[in-house]
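Listed below are the residues making up each chain.
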Amino acid sequence: MSRPFPKTIDETAELLKSARYVADRSLATVLFLALKMGRPLFLEGEAGVGKTEIAKVLAATLGRRLERLQCYEGLDVASAVYEWNYARQMIEIRLAEAAGSADKAKLGEDVFSPRFLIDRPLLRAVRPSDEPAPVLLIDELDRTDEPFEAYLLEVLSDFQVTIPEIGTIKAKEPPIVIITSNRTREIHDALKRRCLYHWVDYPDAARERAILAAKVPGIGEALTREVVAFVQSLRGLDLFKLPGVAETIDWANALIALDRITLDPATVNDTLGVLLKYQDDVARIRGSEAASLIERVKAEAITAGV
Amino acid sequence: MNPEAFSGGRLADNIMHFVRSLRAAGLPIGPGRTIEALRAVEAVGLGRRDDFYWALHAVLVNRREQREIFNQAFHIFWRDPQLLEKMMSLLLPRLTSDEAPPNALEEVSQRVKDALAPAPVATNENAEAIEQIEFDASLTFSDRERLQSMDFEDMNAEEQAAAKRAIARLRLPIEKVKTRRSRLDPRGRRVDMRNSLRASLRMGGAVIPIARRALRTRHPPLVVLCDISGSMERYSRMLLHFVHALTNDRDRVHTFLFGTRLTNITRHLRHKDVDVAIGKVTAAAEDWSGGTRIGKTLADFNRLWSRRVMGQGPLVLLISDGLDQSAGEGLAEEMARLHRSCRRLVWLNPLLRFDGFEPKSKGIQAMLPHVDEFRPVHNLKSLEQLAAVLARPAPRQDERRAA
C-alpha cells in the first residue's frame, strides 16, 4: 500500500507527525523538495539527532520498502551492489561438464546470467519492478572511503548500476535516497552537488518537549519540562560531546523506569551516563554542576508558572 | 601582428619567444607545443585579438593555476611591438636599448617580471648580472651543504628562496597503513573468486587457477597544526611551503594555523601555485605574529574539528615552540585528547636546535608526555631527517607507553 507524495510542505510535516516524528519547518521543506524534485537528500548532523529515523519514517508512511546500506571502511561492490553466487556457478560448471556440453562461450554466458546474481541494497533499490520505488538509506557515508563515494556518483545521478557481464540496470522510477553523515570526515563536493543538503540541528526546547511527548509514552508534563530544560542547558555548556535527541529519549525512559516524577541530584548523578558518553564530560557535570543546573531548571519551571 | 609578419615567419619567432618566456615563468611547456601553438594560430587566423588569445591559451595552458601567469604574460608580450627587440636584448645583452621597463610590469607577478623584464641598461652591470645568474644556477656542492644546515632564521632573502625551492622538492614518505580494500596479487592471502571463475571458464571449466588478492596500503591522513605566533614567525612561513608541498603531493592533508585563535587553511593550501596559496593563507589568518594560547586553540581544535578530520587515524604534525602565553593552562588535558585520537603525534620544535635545550617552560612540560616523537625543525637537514623518521614503522602502542 503506497501513498502518493505530499503536495505541500504542511502535508509533509503532517506526514512525519503521523509517524510520531516531530520535524521543524526547515526539515519539512527540504524533504518536500527532495521528494518533489526527485533528488537525493544529504543529511548531516551530530550523532543522535534523528537522521536515520527520517528514512525509516518515510518508508513507513509512504508505504515503501526500505533498503538500508550501512557504510563502513572498505565497503565494496560485492557487499553494496551485487555479488556472484560462486558456489552455484561452480556446480553449474560441473553439471555442464558431466552433461558433456563444454561449449566455452555458451557456458560463460550461462554462468554469468542474472540467475546467479545476489542482489545487495544498491542493486535492489534500482532494480525495475512493479512495486513503487523504495526508500534507499545510505547510512553514515562518512565511515566509508573515497573510492566508494566516487562509485556512488553514477548511482545517484542516473539511478543506474552497471554490471560488466550483464549490462546496465536502470530504475524505472528513481528511489527516494536519504544519505546521512556524522561528519567524521568531509564528503566530496561532487557528491554533495547531486543532493539537497540539510544540517540536522539539535531541536529547540518546544520541539524537544513535543518529541518526548510523542516518543516516551507515560511521561508527565512536569518531568518532560525538567528533562528538556536540563538537556538544553547541558547543550549550552562547553562539553566534548553534547547529548542528542536520542540521549534525551533514553534518559526520559530511564527516569520513568526508576519511577521518578521529578529530577533530584542523586538520580541525575547516577544516570548521567545515559546522557554523556565521555568520562571528562561526566566528571565535569557530576556533583555540584549538576545540582546547580537542577536548581536553575526548577527555578525556571516556577517562573514559567508550572 | 600584421600579415607581413605572418607570412614572413616573424610570427613564428614571436610565438617561439612567447613560449620561451612562459617557460621561463615556470609553465611546463615542451618544444612540441610551440609548433602546436603556431598551428593553432594559423587555424584561427589573426583577425581578432581574443581568438588569438584563446588559441594560444588552449595550447599552452593546461592547469587552472597557470591562467594568471599566461594572462599577464600575454598582455605584456603582445601589447608592445618593441617587445621582440627587448626579448632579443635578453638574449644578446650587449645590444640593449635604453628603454625603461614599462610601469605596468610593477604590478604583475614576480615570475612573469623575471621572465620578461629586459636586462639592466649598462653593459658592465649587465655582465655582472649574468654572472650572478650563472652563479645561482650552478649552486656549488658546498653552497648546498651550507644551505642544508643553515637555520631558517638566519637566511637572507636569496637563501630563503633557495631553501623554498628545495622544500618544494621534499617528499614525506609516511609509513603506509593497510586499508580494507584489496587488489590482485599472486602472492596475496585471499582467494579472488570472481577472477578465478573467469579464468576457469576461459579454460573450459576443467581446472580452476586460483587468483589471489592482497590488501592495499595507503598513506594515513595527515593533520598539520602550525604555530604562527611571533616567536615562530620565520619558521612557520618557511614550513608553510613544506606543508604546501605535502598538500599537493597527496590527498587527505588538513592544515590548521594557531596563534591566539585557530584557522583552517586546508582549502587555501590546495591551490597548486605556491605563491597564490601562501598569499591566501596570509590573508585568511588574522593572528600572525601575535601571542600564543596553545591550550585554548587545541581545545577548539578538539571540540570543533577533531571529529571531522581525525576520523581515519591520521598522523599529526604539531609545529610549535611550546612557548605558551597562558603558562600551559589546560594544555596537558588537550594534548592527551589529541594524542588519543590520532595514530601518531609528532612535535616539531625549532627550539630543539640549541644543544643545551631543556624543557623548562610550563607549556613544554605539559605537552611533552603526550607526544610520540619530539624533533627539531629549523633547517633543511632536519626536514629531511623528519622524512626518514616518518618512513619507519611507528612504535607499537605498548612500546609507546613504556617509553
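Residues numbered from 1 in each chain as written. Chains lettered and ligands numbered in written order. Predicted model: local features only at pLDDT ≥ 70, side-chain atom pairs only at ≥ 80, totals over all residues.

When you look at the overall build of chain B in this model, what are you seeing that I'm missing?
A count of helical and extended segments in chain B gives 19 helices and nine strands. Burial status across chain B gives 32% buried among its 403 residues. For chain B, long-range pairs separated by at least 24 residues make up 72% of all intrachain contacts whose partners lie at least 6 apart in sequence. (Helix = DSSP H or I, 4+ residues; strand = E, 2+ residues; numbered from the N terminus. Buried ≥ 20, exposed ≤ 12 C-beta atoms within 10 Å, placed from the backbone. Contact = placed C-beta atoms within 7 Å.)

Quick question: what am I supposed to make of the overall build of chain A here?
Each helix and strand in chain A was counted, giving 15 helices and nine strands. The C-alpha atoms of chain A give a radius of gyration of 25 Å, which is well past the 19 Å a tight globule of 306 residues would have. Judged by the C-alpha coordinates and their principal axes, chain A covers about 85 × 45 × 35 Å. For chain A, buried positions account for 34% of its 306 residues. (Rg over C-alpha atoms; globule rule 2.2 N^0.38 Å.)

Looking at this structure, how should I read the domain arrangement of chain B?
One widely used convention gives an interface's size as the accessible area the parts lose upon coming together. Here chain B is described as being made up of domain 1 (3–137), domain 2 (178–218) and domain 3 (222–402). For domain 2 of chain B versus domain 3 of chain B, the separation of C-alpha centres amounts to 42 Å. (Domains from an automatic or database assignment.)

Before we go on, may I ask you to explain the packing of helix α12 (residues 245–257) of chain A against helix α13 (residues 265–275) of chain A in this structure?
In helix packing, the relevant descriptors are the interaxial angle and the interaxial distance, both defined with respect to the helix axes. Residues and elements named next belong to chain A. Put simply, α12 and α13 touch, their axes get as near as 9 Å, and they point 145° apart. Where α12 crosses over α13, the two elements pack in a sense that is right-handed. Across the interface between the two elements, E247, D250, W251, A254 and L255 from α12 touch T271, V274 and L275 from α13. For the contact of α12 with α13, the per-class residue count stands at five nonpolar, one polar and two charged. (Axes fitted to C-alpha atoms, helices over the stretch in contact; angles between N-to-C directions. Left-handed = near helix turned anticlockwise from the far one by under 90°. Nonpolar A, V, L, I, M, F, W, Y, C, P; charged D, E, K, R; others polar.)

Any chance you could explain the domain arrangement of chain A here in plain terms?
Residue and element names in this part refer to chain A. For chain A, the domain assignment lists domain 1 (9–75 + 120–199), domain 2 (82–117) and domain 3 (205–303). Between domain 1 and domain 2, the C-alpha centre-to-centre distance is 35 Å. Classifying every residue of the side of domain 1 that touches domain 2 by side-chain character gives three nonpolar, no polar and two charged.

Can you help me understand the nonpolar core in this one?
Nonpolar side chains in soluble globular proteins tend to be buried together. Residue and element names in this part refer to chain A. Counting 71 residues, the largest nonpolar core has L41, L122 and I178 as its most contacted members. The two domains that each donate at least three residues to this core are domain 1 (9–75 + 120–199) and domain 3 (205–303). When residues no more than four places from it in sequence are discounted, the contact partners of L122 are L69, A80, V81, V155 and V161. (Core = buried A, V, L, I, M, F, W, Y, C linked by C-beta atoms within 7 Å.)

In this structure, what is going on with the sheet that holds strand β9 (residues 373–375) of chain B? I would like to understand it.
Consider a sheet: its strands pair through backbone hydrogen bonds, and that pairing is either parallel or antiparallel. Residues and elements named next belong to chain B. One open sheet holds the six strands; their spatial order is β6-β5-β4-β7-β8-β9, and the pairing between them is mixed. Each having just a single partner strand, β6 (262–264) and β9 make up the two edges of the open sheet. Averaged over all pairs of adjacent strands, the angle between strand axes in this sheet comes to 20°, irrespective of strand direction. (Pairing = 2+ DSSP bridges.)

It is not clear to me how the environment of B:A332 should be interpreted in this structure. Could you clarify?
Structurally, B:A332 can be placed in helix α16 (residues 331–340). When the C-alpha atoms of B:A332 and B:F74 are compared, they prove to be 56 Å apart, with 258 residues separating the residues in sequence.

Just to check I follow, could you spell out the pairing of strand β3 (residues 212–218) of chain B for this structure?
All names here are of chain B. By the bridge criterion, five bridges tie strand β1 (residues 177–184) to β3 in an arrangement that is antiparallel. The residue bridging V177 from the neighbouring strand is R218, located in β3. Relative to β3, strand β2 (residues 190–191) is paired through two bridges, and the arrangement is antiparallel. Its bridge partner lying in β3, R190 is registered against R213.

I keep staring at unusual backbone geometry and nothing clicks. Help me out?
Glycine aside, a negative phi is what most residues show, and trans is what most peptide bonds show. Residues and elements named next belong to chain A. Look at R20: it is not a glycine, yet its phi comes out positive at around 60°. Of note, R20 is situated in the loop between α1 (9–18) and α2 (25–37). In this structure, D259 takes a positive phi of about 60° despite not being glycine. Summarising the element assignment, D259 is placed in the loop between α12 and α13.

Would you take a moment to explain the interface of chain B and chain A for this structure?
Opposite the 15 residues of chain B that make contact, chain A presents 21 residues. Elements with a contribution of two residues or more to the side of chain B that touches chain A: β1, α11 (193–202) and α15 (294–309) of chain B. Partitioning the side of chain B that touches chain A into residue classes produces four nonpolar, five polar and six charged.

What exactly am I supposed to notice about helix α3 (residues 32–44) of chain B here?
For an α-helix the count is 3.6 residues per turn, leaving residues at separations of three or four pointing the same way. Residue and element names in this part refer to chain B. The end-to-end C-alpha distance of α3 is 19 Å, a good match for the 18 Å that 13 residues give at a rise of 1.5 Å each. Within the span of α3, buried status applies to T34, A37, A40 and V41. In an axial view of α3, the angular spread of the buried residues amounts to 120°, which keeps them on one side of the axis. Facing away from the buried surface of α3 by more than 90 degrees, the exposed residues are G32, R39 and A43. Buried residues along α3 sit against α2 (10–24) and α4 (49–60). (Expected span 1.5 Å × (residues − 1). Arc of directions from axis to C-beta.)

I tried to follow the sheet that holds strand β9 (residues 196–199) of chain A on my own but got confused; where do I start?
Residues and elements named next belong to chain A. Strands sit in the order β2-β5-β8-β1-β9 across an open sheet of five strands; the sheet is parallel. Unpaired on one side and paired on the other, β2 (66–70) and β9 mark the two borders of the sheet. For this sheet, the mean inter-axis angle between neighbouring strands, taken without regard to orientation, is 20°. Here strand β1 (residues 41–44) pairs with β9 via four bridges, running parallel. Residue pairing in the sheet places F42 in a bridge with Y197 of β9. Strand contacts of α2: β1, β8 (176–181) and β9, with the helix running at about 160° to β9, the strand carrying the most contacts. Running at roughly 165° to strand β5 (residues 135–139), helix α3 (residues 51–62) makes contact with β1, β2, β5 and β8 of the sheet.

Explain the confidence of the model for chain A here, please?
In regions of low pLDDT, the predicted coordinates are not meant to be interpreted in detail. Taken over all residues, the pLDDT of chain A has a mean of 90, while the share at 70 or more is 98%. In the model of chain A, helix α6 (residues 104–111) of chain A stands out as the element of lowest mean pLDDT, 76, in contrast to β5(A), which has the highest, 96. (pLDDT = per-residue confidence, 0-100.)

Quick question: what am I supposed to make of the confidence of the model for chain B here?
Residues and elements named next belong to chain B. Residue-level pLDDT values for chain B average 77, and 79% of them are 70 or greater. Overall, residues 91–106 carries pLDDT values under 50, and its contacts beyond four positions in sequence, including any with other chains, amount to 20 contacts. Residue range residues 397–403 is modelled with pLDDT below 50. Its contacts to residues more than four positions away, or to other chains, number two contacts. On the interface metric, ipTM, the complex scores 0.71, and its pTM is 0.75.

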